[in-house]
Amino acid sequence: TKIKLSNLKKSLNEYKNAMSVFDRLMIFKHLFNSLELATNWDGVDRKGSDLDNEVVKISMLQTSEMCNWREFYNRTKHIDRTPIDLRTFITGIESLPSFLKPIRLAVETMIIDRLKLL
């Protein structure tokens, strides 16, 4: 329970940070961090499709939507090595305004789900 509580606190802090900045990219990055922390609150380090599947299971998102967020988030942190990486980043930047509301709702759903389990 201490691990779950600690990870949930980290998630809530990231959510708070997202609501405190104005730059859309920073909002997205904080929200994605919050989503990842809330999803992995039990100490299981889900990555890739495992992370996508867990988020989709709780939030009822489309798998493709979660995958797009994750891939874009990864492109914001790492260098672009291939034309596909660059295209993923550019498409993400162009789609950023449409990402923010759904990811915020997904984070809220995940956090509320986890709070109910405490």
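Here we summarise the structure given alongside this text. (Residues numbered from 1 in each chain as written. Predicted model: local features only at pLDDT ≥ 70, side-chain atom pairs only at ≥ 80, totals over all residues. Heavy atoms only, no water.)

Section: the pattern of salt bridges
Next up, step 1: Here the structure, examined in full by the defined rule, presents 11 salt bridges.
Next up, step 2: Across the pair Lys47 and Asp45 runs a salt bridge, and its minimum N-O distance is 3.5 Å. Each member of the pair, Lys47 together with Asp45, is exposed.
Next up, step 3: Close ionic contact of Glu54 with Lys57 constitutes a salt bridge, the shortest N to O distance being 3.2 Å. Separated by three residues within a single helix, Glu54 and Lys57 lie in helix H3 (residues 48–59), roughly one turn from each other.
Next up, step 4: When its relative accessible area of 55% is taken as the criterion, Lys57 is described as exposed.
Next up, step 5: Three or more residues are tied together by salt bridges with common partners; here these are Asp42, Arg46, Glu54, Lys57, Asp113 and Arg114. (Salt bridge = Lys/Arg side-chain N within 4 Å of Asp/Glu carboxyl O. Buried < 20%, exposed > 50% of the residue type's maximum accessible area, 1.4 Å probe, protein only. Helix = DSSP H or I, 4+ residues; strand = E, 2+ residues; numbered from the N terminus.)

Structural notes on the packing of helix H1 (residues 2–18) against helix H2 (residues 24–39)
Next up, step 1: Two numbers describe how H1 lies on H2: the axes approach to 8 Å, and their chain directions differ by 165°. Comparing their axes, H2 and H1 come out roughly antiparallel. Of the two possible hands of crossing, H1 and H2 adopt the one that is left-handed. Contacts from Asn7, Lys10, Ser11, Glu14, Tyr15, Asn17 and Ala18 of H1 reach H2 at Ile27, His30, Leu31, Asn33, Ser34, Leu37 and Ala38.
Next up, step 2: Here the residues of the contact of H1 with H2 sort into six nonpolar, six polar and two charged. (Axes fitted to C-alpha atoms, helices over the stretch in contact; angles between N-to-C directions. Parallel < 35°, antiparallel > 145°, perpendicular 65-115°, else oblique. Left-handed = near helix turned anticlockwise from the far one by under 90°. Contact = heavy atoms within 4.5 Å. Nonpolar A, V, L, I, M, F, W, Y, C, P; charged D, E, K, R; others polar.)

Describing H3
Because each turn of an α-helix spans 3.6 residues, side chains separated by three or four positions in sequence point in the same direction.
Next up, step 1: In a regular helix each residue adds 1.5 Å, so 12 residues correspond to 16 Å; H3 covers 17 Å between its end C-alpha atoms and thus fits that length.
Next up, step 2: Within H3 the residues assigned to the buried category are Leu51, Asp52, Glu54, Val55, Val56 and Ser59.
Next up, step 3: Of the surrounding secondary structure, the elements contacted by the buried residues of H3 are H2, helix H4 (63–77) and helix H5 (83–117).
Next up, step 4: Downstream of H3 by a residue or two, Met60 has a phi angle that is positive, lying close to 65°. (Expected span 1.5 Å × (residues − 1).)

Observations regarding the environment of Ile58
Next up, step 1: Relative to the helices and strands, Ile58 resides in helix H3.
Next up, step 2: As a C-alpha pair, Ile58 and Leu115 span 57 residues in sequence and 13 Å in three-dimensional space.
Next up, step 3: When sequence neighbours within four positions are dropped, the list of residues in contact with Ile58 reads Thr109, Met110, Asp113 and Arg114.

A look at the environment of Arg87
Next up, step 1: Tracing the backbone through its elements, the reader meets Arg87 in helix H5.
Next up, step 2: Among the residues examined, Arg87 registers a relative accessible area of 52% and is labelled exposed.
Next up, step 3: Once the C-alpha coordinates of Arg87 and Phe72 are considered, the two residues, 15 residues apart in sequence, prove to be 9.8 Å apart.

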